[in-house]
Amino acid sequence: MQILVQKTVRCALVILAVSALTFLMINLLPGDTAYIVGGEEATPADIEAIRKSLGLDQNIVVRYLTWLKNAASGDLGESYLTHEPVLSTIIARLPVTLELLIISQCMALILALPFGIVGAYRSNSMVDRLVNGIGFATLSIPSFVMALLTIYLFSIKLRWLPATGYVSLSANIGANLKSFVLPGLSIAMIEWVVLMRVLRSDMITTLGQDYILMAKAKGLPPWRVLLQHALRPSSFTLITVLGIQIGRHLGEAVIVETIFALPGIGRLLIDSIYARDYHMVQGCVLLITIGYVIINSVVDLLYTALDPRIRTEGGHAG
Amino acid sequence: MQDKDTGNRLGFTFWISIVWIVLVVFSALTASWWTIPEPDKMDWDNLSVRPGTVTDNAIFQNKTGKETSPYTYWLGTDTMGRDQVSRIVYGSRISLSVGLLAPMIGLLIGGLLGCLAGFYRGPLESTIVAAMDIILAFPGLVLLLAVTFYLGASLKNLIFSLGFLTIPVFCRVARAKTLALSGLEFVQAARLTGAGNMAIMLREIIPNVIVSVAIYGLLVVAFMIMAEGALSFLGLGIPSPTPSWGGMIAEGKEVLDESPHVSMIPAAIMFMTVISFNLIGDSLRSYFERGKHQI
Amino acid sequence: MMICSDTQPILEVNDLRALLPTRRGMVNAVDNISLRLHPGRTLGIVGESGCGKSMLARAIMGLLPARSIVPSESIVNFKGHSLISMKKARLRKIIGREIAMIFQDPMTSLNPVMKVGQQIAEVICFHLKVSRKNAHKRAVELLDLVGIPMAEQRANQYPHQLSGGLRQRVAIAIALACEPKLLIADEPTTALDVTVQAAILDLLAALQEEKQMAMILITHDLGVVAGRTDETAVMYAGKIVEQADTKELFHQMRMPYTHALMMAIPRLANRPHTKLQTINGQPPDMVDLPPGCRFASRCWKAQPLCIENEPSLKRINGQGHKIACWYPLESI
C-alpha cells in the first residue's frame, strides 16, 4: 500500500509540473500571444479585445493561479470559435480516441504474439530472420505513410473498406467498427514490431529456464508449454512496453485521426491549431499530457500487480 | 538483428546505406546546378503525369530566356505539374537539415548533461534526471505541435524544438555509458596519477561516450526525418511553397487513386533514407559491441 | 530392496551416446552407456559435476537440448519399447506418466508464476483425463502424501512461498502424480540444506517401496548411494568407469577414481581439522579428449598404457562387477 501512495504522490507532482510548464509555455514565449491568436489580419481593436479576454494584462503569477484554480474546478475556458466550454468538447471527443487506442493495440498484439512466440521457439530459423528483417524495415515507415499504404491497398485497390467516414457507436456498431479498421491497422502495422521484439527476447530467456524443461518432462505438448508455462513469465516487459506505447499512441492518434477524419482528441488539437483557437489548444495539450502521465503511472502499478512474487512479498509473509 | 552471428562485420547493407546517404547529401548540395526545372515551376499541360513522361517545353532553372527543350519527368509530376525530381532534391535539403542538425543539439546538450550526471552523481544527477523525466512526461508530437503553434513554423524553430525533444534521450544514453565507464580501471588509474576530475572527464570518459552516443544519434537522425515528414504532412512544418517530402506526400493524397506515384515516390525516397540511417546505426552498434561484455 | 533378476528389466540402455552442440563443436556428453534396471530396484549414478549424468537422464527421457544428436545405434528400451525411435507424440504420453523426473533445484524447476497445486493437477489432467476438480483433489492428497502439512492451503501458494525442502516435496508430488513405474531423481538433495537432505531421501525410499517403482538416483555424493541403492554406476567424463551391486562396490572398490571419491567424503569419525581430501586436477576437456583413459591425468596409479589406450568396461567377477581400468586396485 505504501508503494501505491508513493506513486500517486509522484504522479500528482508530475502533473502539477506539467501543467505549470504548459501554462508557462504560452506566456513566457517571445511574441505577443494576442498577436498569435489574432493572426495577421487582426486590427488593433481586435488585439485589445483578445488581450482582455485572455487576461493578458495581469501579473503572470496571478494568471497562473487563476488558471490553475479554474482548471481544477473544470473550467478551461471557452473555445474561441464555437464558444463551447473547452473541457466538455474535449471529453466528448475522448471516446473516439479511446476506441482507436483499444482497437489498434489489440491488432498490434494479434500480430506481435504469434511472431514473438514462434520467433523465440524457433529462434534464428529462416522464418525468424525474415520476420525480424521485415520488422526492422517496418520501423522505418512513418505512420502517415503506413496510413496511406493501407488506404491504397484496402480502400482503393481492393475496395474492402472506406477510407474515411466515421460512424458513431450508438448509430451502428458494425459500421462503427468498420470505420476503425484502417486507422487501427495503420497504427498496429508499425507498433507490433516493438511488442514482438520484446516478447521474443523475454521468451528466449524464459525458454532456457529449468521449469520449462520440467514442463516438457511432464509430457506436455509444445504449444501447451509455450502458452501456459512460457508466456506468462515472459509477458512482463511486454505489458510495460504496451503501456508505454499506449502513452505514445496519443501522439500517433493525431496523425491517424486527421488522415481518416475521425473526430477524436488528436484531430481536435490539429483543427484548433489551424483555427488558432488558443484556449482549445491549451486545453488539449494539458489534458493529453495529463492522460499520458496517468497512463504511465498506472502501467507502473499494473506491473507490480502482475508479478505474484512482488505482490505477495509486499503483502503477507509466506 | 542482434541475434545474428554474422552481424559483426560491416556488410553489404551497411555500405549500400552509406552509398544512398552520400547520394542524397550530394544531390541536396548540388541541386542548384542540375539541369532540372525549378521546384515550384508549374507545368499545366502535365499535371500528375506518370514517371517517364517526356515534355517538350520544360523551362530549366539555370537557363534564362525562352529556350525550351525536351525533358523527361523521370519521377513524374505532382498535382500542380511540378517536377518531382526537382522537388525531391530540394526537399531533401529540409529533411537533411532538420534530420542532421536537430539531433546535434540533443547530442551536445543532452550528452553533456548525461556525462555530468553520470560522473558527478549526487544532487546534480538527481536534478538532471528529474528535469529529463519532466520533459519525457510530455508526449512528443503534442509538444511539437504546441511549439509550432506558439512560435510559428520555420526551419529554425523546427530544428530547435525537435532538438530540444531529443535532449532527454541523449542524456539517458550518455549517463548510462558514463556510469558504466566510471567504474572501469582506466578511470581509477587516472585518478591515482593525480588527475583532476575535469581532466579525467575530458581525456578518458568523453571520447568513449561520444562513440556510443554518436552511433545512437544515427538512429535519432532517422527518427527526426520521419518526425519532420509527419509535421510537413500535417501542414505544420515548413510552409509551402518550399518543397518538403512530407508536404509532397500530403499533396499526393488527393490523387492517391489515379496517380499514386505523387505520394509514393517521395514516400519511397524518405523510406530509403530513414532505413539507411537505421541500418548504418545498427551495423555500427553491432560492430563496436562485438567482443565487449554485454550486460 | 529386492533382487528379482529373472523378471524383464523395465529399462534397458545399450550403447547410448549423446552428442551435444557447443560453441566449439559437438561434444560426446554421454559416451557408450549401457545399463539395465529391473522393476522395484534402485540404481545410483555417481559422478562429478559435468560428467554427463544429468545429460544421461535427459537422453533417456528424450529431453536433450535442441540440435543434439543420438546415433541410431543407441538403444533405450522402456518396457520393451524403444524410446529413441518412438514418435514424439507417443513419447509424450509416456514421460510424466510412466517415467517421471525430479530436478536438482526446486526453486528453478517449479514455475514461479503458477500455483503449486495447479502444477501438480496439470499432469493429472493431461495424462489421466480427469476433471479439474478431481485433479485438484488428488493434488492435495499428493501434497499430503509427500509430507506437506496444511496441504489444502499450500496447494494455493506459489513456489517462492515455500521453503526449499517443501518445494522439493512438491516436485516429488508432481513426479508421482500418475504413479510412474520409473522415477529418475537428478541430484534431488544437492540444493537443499543438509538437515533436509536425509528427510527427502527417506521420503523417496518410502514412496518407492510403497509404489514398487524403479528408481535412478543421480548424485555426486557417494555417501548418498550407500544404503539407498541396489546397484551403483560411477561415471567419469561421459563414460561408466565402475559398475556393481552397491554392497559389493563399497566392499571392493576397484577403480582408483571411485576410491578417490570415497576418500573425499568427510567422516564424522575423523579427528577435528582433518584436511579434506580432494582429487587433484580437473576433468578433461570434452571437446578435446585425450586418447587414453580419461582419468589418467589425475590418477596416482597411471602407467604409460593408461595414457595411450582407453580401457573398456569389463566384468571382473561373477557378481556383475564391471570396471574400466588397466590397473585396478587390488581386491580385498
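This report concerns the structure included in the present document. Since the model is a prediction, treat every value here as computed from it, not as a measurement. (Residues numbered from 1 in each chain as written. Chains lettered and ligands numbered in written order. Predicted model: local features only at pLDDT ≥ 70, side-chain atom pairs only at ≥ 80, totals over all residues.)

1. Re the overall build of chain B
Right, so step 1: Regarding its fold elements, chain B presents nine helices and two strands.
Right, so step 2: Start at the N end of chain B and walk to the C end: the helices and strands fall as α-β-β-α-α-α-α-α-α-α-α.
Right, so step 3: Split into buried and exposed, the 295 residues of chain B put 42% on the buried side.
Right, so step 4: The long-range share in chain B, meaning contacts at least 24 apart out of those at least 6 apart in sequence, stands at 72%. (Helix = DSSP H or I, 4+ residues; strand = E, 2+ residues; numbered from the N terminus. Buried ≥ 20, exposed ≤ 12 C-beta atoms within 10 Å, placed from the backbone. Contact = placed C-beta atoms within 7 Å.)

2. Some details on the sheet that holds strand E2 (residues 25-37) of chain C
Residue and element names in this part refer to chain C.
Right, so step 1: Taken in spatial order, the four strands of this open sheet run E2-E1-E4-E5, and their pairing is antiparallel. Pairing within the sheet leaves two strands with one partner each, and these edge strands are E2 and strand E5 (81-82).
Right, so step 2: As paired elements, strand E4 (residues 75-78) and E5 share two bridges and run antiparallel to each other. By the bridge assignment, Asn-77 is partnered in E5 with Ser-82. (Pairing = 2+ DSSP bridges.)

3. Quick word on the sheet that holds strand E6 (residues 99-102) of chain C
Strands belonging to one sheet form pairs held by backbone hydrogen bonds; the direction of such a pair is parallel or antiparallel.
All names here are of chain C.
Right, so step 1: Across the sheet, eight strands lie side by side as E6-E7-E8-E3-E9-E10-E12-E11; this open sheet has mixed pairing. A single partner strand is all that each edge strand has here, and the edge strands are E6 and strand E11 (314-315).
Right, so step 2: One ladder, built from two bridges, connects strand E10 (residues 239-245) with strand E12 (residues 322-323); its direction is antiparallel. Each residue of the ladder has a partner; that of Gln-243, found in E12, is Lys-322.

4. Concerning the interface of chain C and chain A
Right, so step 1: Taken together, the contacts link 24 residues of chain C with 18 residues of chain A.
Right, so step 2: Elements represented by at least two residues in the side of chain C that touches chain A include exactly helix H2 (88-94), helix H3 (106-109) and helix H4 (116-128) of chain C.
Right, so step 3: Examining the composition of the side of chain C that touches chain A, we find that three residues originate from one element, H4(C), more than from any other.
Right, so step 4: Looking at side-chain class alone, the side of chain C that touches chain A contains 12 nonpolar, eight polar and four charged residues. (Nonpolar A, V, L, I, M, F, W, Y, C, P; charged D, E, K, R; others polar.)

5. A few points about the interface of chain A and chain B
Right, so step 1: With 38 residues of chain A at the interface, the matching set in chain B holds 32 residues.
Right, so step 2: Looking at which element gives the most residues to the side of chain A that touches chain B, the answer is helix H10 (residues 222-260) of chain A, with seven residues.

6. Description of the pairing of strand E7 (residues 182-186) of chain C
All names here are of chain C.
Right, so step 1: Burial runs high along E7: five of the five residues are buried.
Right, so step 2: Note: E6 against E7, four bridges, orientation parallel. Its bridge partner lying in E7, Ala-100 is registered against Leu-183.
Right, so step 3: Relative to strand E8 (residues 214-219), E7 is paired through five bridges, and the arrangement is parallel. Considered in E8, the bridge of Leu-183 is made with Met-215.

7. Topic: unusual backbone geometry
Residues and elements named next belong to chain C.
Right, so step 1: Unusually for a residue other than glycine, Asp-15 sits at a positive phi of about 50°.
Right, so step 2: For Asp-15, the location among the structural elements is in strand E1 (residues 11-22).
Right, so step 3: Residues other than glycine seldom take positive phi values, yet Gln-212 does so here, at roughly 55°.
Right, so step 4: Tracing the backbone through its elements, the reader meets Gln-212 in the loop between helix H8 (194-211) and E8.

8. Re the nonpolar core
Right, so step 1: Within the largest apolar cluster, 234 residues are counted, with the highest numbers of intra-cluster contacts made by Leu269(A), Cys284(A), Val142(B), Ala173(C), Ile216(C) and Val241(C).
Right, so step 2: Tallying contributions element by element places helix H7 (residues 197-233) of chain B first for this core, with 16 residues.
Right, so step 3: In this structure, Val142(B) is in contact with Leu250(A), Gly251(A), Leu269(A), Val285(A), Ile288(A) and Thr289(A), ignoring residues within four places of it in sequence. (Core = buried A, V, L, I, M, F, W, Y, C linked by C-beta atoms within 7 Å.)

9. Topic: the pairing of E1(C)
All names here are of chain C.
Right, so step 1: Relative to E2, E1 runs antiparallel, the two sharing nine bridges. Bridging from a neighbouring strand, Pro-21 pairs with Met-26 of E2.
Right, so step 2: Connecting E1 to the next strand, E2, in antiparallel fashion are two residues.
Right, so step 3: Both E1 and E4 contribute to a ladder of four bridges, which runs antiparallel. The residue of E4 that forms the bridge with Val-13 is Val-76.

10. Digging into the environment of Ala151(C)
Right, so step 1: Tracing the chain through its elements places Ala151(C) in helix H6 (residues 151-155).
Right, so step 2: For the pair Ala151(C) and Leu35(C), spaced 116 residues apart in sequence, the C-alpha to C-alpha distance is 38 Å.

11. Structural notes on helix H1 (residues 53-61) of chain C
Right, so step 1: H1(C) sits mainly inside the fold: nine of its nine residues count as buried.
Right, so step 2: In the stretch just after H1(C), Gly62(C) is the one whose phi turns positive, near 75°.

12. Here's the deal with the packing of helix H1 (residues 12-30) of chain B against helix H2 (residues 84-120) of chain B
All names here are of chain B.
Right, so step 1: Across the interface, H1 lies against H2 with an axial gap of 8 Å and an inter-helix angle of 110°. Between H1 and H2, the angle is such that the two are roughly perpendicular. Between H1 and H2, the residues in contact are Val-24, Val-25, Ser-27 and Ala-28 and Val-89, Ser-92, Arg-93 and Leu-96, respectively.
Right, so step 2: Looking at side-chain class alone, the contact of H1 with H2 contains five nonpolar, two polar and one charged residues. (Axes fitted to C-alpha atoms, helices over the stretch in contact; angles between N-to-C directions. Parallel < 35°, antiparallel > 145°, perpendicular 65-115°, else oblique.)

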